[in-house]
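# Notes for the structure review
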Amino acid sequence: MTHDLSLKEIQKQWHGTLKSYAIGFLASFLLTVISFALVVTRLFSDRIVMYAIVGLAILQAIVQLLFFLHVGQEEDKPRWATIAFCFTFLILLIIVIGSLWIMHDLNARMMPGM
Amino acid sequence: MFGRLTLDAFKHESSQNGAVFSMLFGAICLIGLISYLKRWKWLWNEWLTTVDPKRIGIMYIVVVLIMFLKGFGDAIMIRLQQAMSVGDSHGFLSSTHFQEVFSSHGTTMIFFVAMGAIFGLMNLIIPLQIGARDVAFPFLNALGFWLFASGAFLTIVSLTIGSFSTAGWLAYPPLSGIEYSPNEGIDYWIWAVQIAGVGSTLSGINFLVTILKMRCPGMTLMKMPIFTWSALCTMPLVVLAFPILTATLYMLTLDRYLGMHFFTVDGGGNYMMYVNLIWAWGHPEVYIIMLPMFGVFSEIVPTFSEKRLFGYVSMVWALIFIAFISFIVWLHHFFTMGASPTVNVFFAIMTMIIAIPTGVKIFNWLFTKFRGRVHFTSPMLWFFAFLLNFTFAGMTGILLSSPPVDFQVHNSLFLIAHFHGMAIGGVLFGFFAAFTYWFPKFTGFFLDETLNRYAFWCWLSGFLLAFMPLYMLGFMGATRRLDHYDASTGWHPLFVIVGIGAFIILIGATIQFFGLFWSIINRKKNWDHTGGDPWNGRTLEWSISSPPPIYNFAVIPTVDQLDPLWAIKRGEAPIPQKRYENIYLPINTPMGLYIGIFSLIFGFAMTWHIWWLAIVSFVSILVCVIIRLSGEDEHEIITVAQVKEIEAAHARRMKSYE
Amino acid sequence: MNKPLTIHHQDTLELNPDTHLPDLHQDTFSKTTQGFWMYLMTDSLLFATLFCAYAILHTETFDGPSAQDLFSLSTAFTETMILLLSSVTCGFSMMAALRNKKNQVLAWLGVSFLLGASFVAIELTEFTQLVQDGNSWQRSAFLSSFFTLVSTHGMHVSFGLLGMIVMAAQLFLLGVTATTFRRLITFSMFWHFLDLVWIFIFTFVYLMGVV
């Protein structure tokens, strides 16, 4: 407990700056508006719109992860939080894509009308 | 006022009354004993409010042993029923009661024996092995235990008030849906598992951060003891798989309580999705209970071979690989649900792949013993039993991983034999080995070795007799969960043999329980006079007294190689200097216990639809959490003088043994 | 004050008297933020499972209305903007805490709270409307999975609001201390995480539903 950090020391470790929040907000705002605009105005085909909004969502997620949650910006190596995030994301993809694949496959083999 | 709880809930079938009364009687005796010995204050201060992982670990093991009695009792009933219930005879259990028994058996053994065993062992061993004085989150750790105990107790309550689930340990819908199981049984199961599951998740977070952050100076990852590595590989599984269980059971709960259509037959529900999601959790779960036991054997084999672990690096990579792949095999639990060959084959191949690193581990253990000086202590005997049974069952797993084969034997007794070989041969024998191996560390005396050996031979022979014939029965067409069968099947003789095997295991378990009490009574005879290192160990936990002082290490060790204690013994590392400092330890708190109790009440209230009580207990939990998160972390200080005295007392004891 | 902005633990912690090696990473702040991050990882899997269920069940309308029939994009857009804004104002409260300006912290926290509460209010209004029209969670698997996914997020937000009240009380009574700053950080991690999850809700539930 003699080793615990003081308020000043903790404050020095936090990565938020006005700049990061401004960029994060602006980028998220723009990406959101574009997404909604694409769907509302129906300028493109459904397929293109679908891929676009997914891409925009991923982009905005990256923006928020970097500028709001400061992922990857830990000072102490190894960057366990970043590693944990990457691994979580990987497992998440496996579970979601795996489940969608399995359920789609199963549903396709059901009797018609079920 | 009482929801759907009526006096009917207290009436049971005659076959159940015995269990009910003996449990109530036992509880009253226990309360009476504690009162007679005037130990309530001691119990409160030393155990119920503790945040010391050493104490919490022991409490986990106590709950595990109690729940093992329940689960094993269920097993005996199953085997007895199946040995008797053939042709005109229908045994002594009604169909409904039989279904409750096998559901309770699986639920208890997986959630409250196996999970409790691994977290109990981790609590006891990890801080000591990494040279730490505590875990990263002492309160969260305690809370995890109390949630676990709460879930366990809820299943015990289900024995006396109302009845338990009849839908198996995984409660597949539509059977577990509100339409086909409207009564309280499934709800008991849901809440017990959910509450314990949250506890596991929190404990998982705690140990993950503990291992990453609390290692002593110099202990890089590749210098960690292998048991700690196995725990480190297991924790991501806990942290990432249990939320899937939480979400899936949540959806089942919503179906049952709010009329939703996730898994219903109508309304567009898809009950196959439940099977998929529950096994996406379920497969990592079986590795969660197994990997720490691999770690246990990796500690025991080198110690009792007087040789360091062969291929430490490959063992570590094998653990990492197994942990990762365990997320990509889950469909092999439902090959027969009807997916196309492409899907089935993908998961079949993934399943076969996971056998490879497991094989690497087996060979490494064997190579460790080669040219070593092998001591056939009972932990080592458990290792041999593990080697035989786990490997054999593992190979039947490879058989099962082939969809065409699985189509023949899925949900037959062949499957039951396979997974019991893994669960008993791997998890349970690992736990027995660990229990015997580390028992002297936390008590200061040995378990009676002779009784250990008798118990071992009963378990090994009983296990072989109880489970090998099941493979044959599976091939002969016997499915699982049968409470009756025709005489013309020809299964009866095998079921009798299996029943005898179960009975021999019962003898073994009885010897173990008796042996525990016998060893405690005779502890002066079996005292550890080595000062904390009875097995000539290699890792840091053997470098401190038995039992360890409350602060574990008077001086935080610094390590520069694997097996740091061995290094000291061989003169390759210096003996730690006695430069003491004040030690700060977190103080006790009753909040973990309170949240556990309120969770128990919440689960009970939700089960019986006593809505006002559910709201009150939930709000109480919130209040406890807020109170806990509003205080400052307080510590007790152990001064340099006190540390000096504790260490000096230990030194004096050592001198007196010479 | 020419100290560099990024510092390492080794520079600040006391050296272990025996080894003169620093005790690495074992301070409460470091442990807590890492532990809370791990909790957010578990929450990610929780939401992922619910998203999965939605993805699988969203076509099962059981002859009832589908996403296209029911979802209002203007509502979703409003909710998105409100939540995004509250995420930023939460950041502003953090920055005020950096400068030990207790009143500013409370002010920005208050703004975040109001925005968050508006979000929950709008969402509840949306739900109420659906239920009153006969399109409750009991109508179809699609509606069950929709209500569950979106309300789970909404419940997380609600718990966040409760957390904000507790935080505000602590800050008011104790000011900005090492402990309250640490708790503020974990709260802001939680709040940003919820905005992150919402990105996927408005994309995959509302936008996809209407496309």
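Being a predicted model, the structure only gives us computed values, none of them experimental. Every chain begins its residue count from 1, and numbering advances along the sequence as written. Following the order in which they are written, the chains are lettered starting with A and the ligands numbered starting with 1. Thresholds applied to this predicted model are a pLDDT of at least 70 for local features of residues and 80 or more for the giving and counting of side-chain atom pairs; totals over whole chains, interfaces and linings are not thresholded and use all residues.

We count a stretch as a helix when DSSP gives it H or I for four or more residues in a row; a strand needs E for two or more, and each element gets its number in order from the N terminus. The helix and strand tally for chain A stands at 4 helices and 0 strands. Start at the N end of chain A and walk to the C end: the helices and strands fall as α-α-α-α. A radius of gyration in this sense is built from C-alpha atoms; the matching globule rule multiplies 2.2 Å by the number of residues raised to 0.38. By the compact-globule yardstick of 13 Å for 114 residues, chain A is too spread out, its C-alpha radius of gyration being 21 Å. With the principal axes as the frame, chain A shows a C-alpha extent of 70 × 35 × 20 Å. To sort residues by burial, count the other C-beta atoms lying within 10 Å of each one's C-beta; a count of 20 or more means buried, 12 or fewer means exposed, and anything in between means partly exposed. C-beta atoms are built from the backbone. Evaluated residue by residue, chain A yields a buried proportion of 29% over its 114 residues. By definition, residues are in contact whenever their C-beta atoms, placed on the basis of the backbone, come within 7 Å of each other. If you take every contact in chain A between residues at least 6 apart in sequence, the share linking residues at least 24 apart comes to 53%.

Our focus in this paragraph is the overall build of chain B. On a plain count of helices and strands, chain B comes out with 19 helices and 2 strands. Relative to the compact-globule value of 26 Å for 658 residues, chain B shows a C-alpha radius of gyration of 25 Å, a close match. In terms of principal-axis extent, the alpha carbons of chain B reach across some 70 × 60 × 45 Å. Each of the 658 residues in chain B was classed as buried or not, and the buried ones make up 54%. Long-range pairs, those at least 24 residues apart, make up 83% of the contacts in chain B with a sequence separation of at least 6.

Once that is clear, we can look at the interface of chain A and chain C. With 48 residues of chain A at the interface, the matching set in chain C holds 52 residues. The biggest single contributor to the side of chain A that touches chain C is helix α4 (residues 80-108) of chain A, with 11 residues. In the scheme used here, Gly and all other residues not listed as nonpolar or charged are polar, with Ala, Val, Leu, Ile, Met, Phe, Trp, Tyr, Cys and Pro taken as nonpolar and Asp, Glu, Lys and Arg as charged. Split into classes, the residues belonging to the side of chain A that touches chain C amount to 29 nonpolar, 13 polar and 6 charged.

This brings us to the environment of His70 of chain A. You can see His70 of chain A is positioned in the loop between α3 (46-67) and α4. Note: C-alpha distance between His70 of chain A and Ser20 of chain A (50 residues apart in sequence) is 9.1 Å.

For a helix, the expected span equals 1.5 Å multiplied by the number of residues minus one. With 34 residues, helix α6 (residues 141-174) of chain C extends 48 Å from end C-alpha to end C-alpha; this agrees with the ideal 50 Å at 1.5 Å per step. Gly175 of chain C sits one or two residues past α6 of chain C and shows a positive phi near 75°.

We now examine the environment of Phe92 of chain B. Residues and elements named next belong to chain B. Note on placement: Phe92 falls in the loop between α3 (53-84) and α4 (95-129). The spacing of Phe92 and Asn123 is 31 residues in sequence and 41 Å in space, taken between C-alpha atoms. Not counting chain neighbours up to four residues away, the residues in contact with Phe92 comprise Ser15, Gln81 and Met84.

What follows covers the domain arrangement of chain A. Structurally, chain A comprises domain 1 (1-70) and domain 2 (76-114). Residue ranges for the domains trace back to a domain assignment, done automatically or taken from a database. When each unit is reduced to the centre of its C-alpha atoms, the spacing between domain 1 of chain A and domain 2 of chain A is 23 Å.

In this complex, chain C contributes 37 residues to the contact, which on the side of chain B involves 41 residues. Broken down by element, the residue count for the side of chain C that touches chain B peaks at 16 residues, all from helix α2 (residues 28-57) of chain C. In the side of chain C that touches chain B, the residues fall into 16 nonpolar, 18 polar and 3 charged.

Glancing now at the nonpolar core. The term nonpolar core means buried Ala, Val, Leu, Ile, Met, Phe, Trp, Tyr and Cys residues held together as one set by C-beta atoms within 7 Å. Within the largest apolar cluster, 288 residues are counted, with the highest numbers of intra-cluster contacts made by Phe297 and Ala433 of chain B. Other than its neighbours up to four places away in sequence, Ala433 of chain B contacts Val296, Phe297, Ile300, Pro379, Trp382 and Phe383 of chain B.

With that settled, the discussion passes to unusual backbone geometry. Residue and element names in this part refer to chain B. Pro174 follows Pro173 through a cis peptide bond whose omega is 0°. Residue placement: Pro174 occurs in the loop between α5 (138-160) and α6 (184-213). Following Ser546, the chain continues into Pro547 via a peptide bond in cis, with omega recorded as -5°. Looking at where Pro547 falls in the secondary structure, it is placed in the loop between α15 (492-521) and α16 (564-569). The phi dihedral of Arg481 falls on the positive side, at around 60°, and the residue is not glycine. When the 16 C-beta atoms within 10 Å are taken as the criterion, Arg481 is described as partly exposed.

Residues with a pLDDT of 70 or more make up 96% of chain A, whose mean pLDDT is 90. The score called pLDDT rates the predictor's confidence residue by residue, from a low of 0 to a high of 100. Summarising per-element confidence for chain A, the mean pLDDT is lowest in helix α1 (residues 7-13) of chain A (83) and highest in α4 of chain A (96).

This part is about α4 of chain A. Given a rise of 1.5 Å per residue, 29 residues ought to cover 42 Å, and the 41 Å separating the end C-alpha atoms of α4 of chain A matches this to within 8%. Among the residues of α4 of chain A, those classed as buried are Ala81, Ala84, Thr88, Ile91, Ile95, Gly98, Ser99, Ile102, Met103 and Leu106 of chain A. Along its buried surface, α4 of chain A packs onto α7 (226-258), α8 (271-303) and α10 (341-369) of chain B together with α2 of chain C.

Attention now moves to the environment of Met251 of chain B. As for its position among the elements, Met251 of chain B is in helix α7. You can call Met251 of chain B buried: it has 26 C-beta atoms within 10 Å. Residues within four places of Met251 of chain B in sequence aside, it is in contact with Phe262 and Phe263 of chain B together with Ala53 and Thr148 of chain C.

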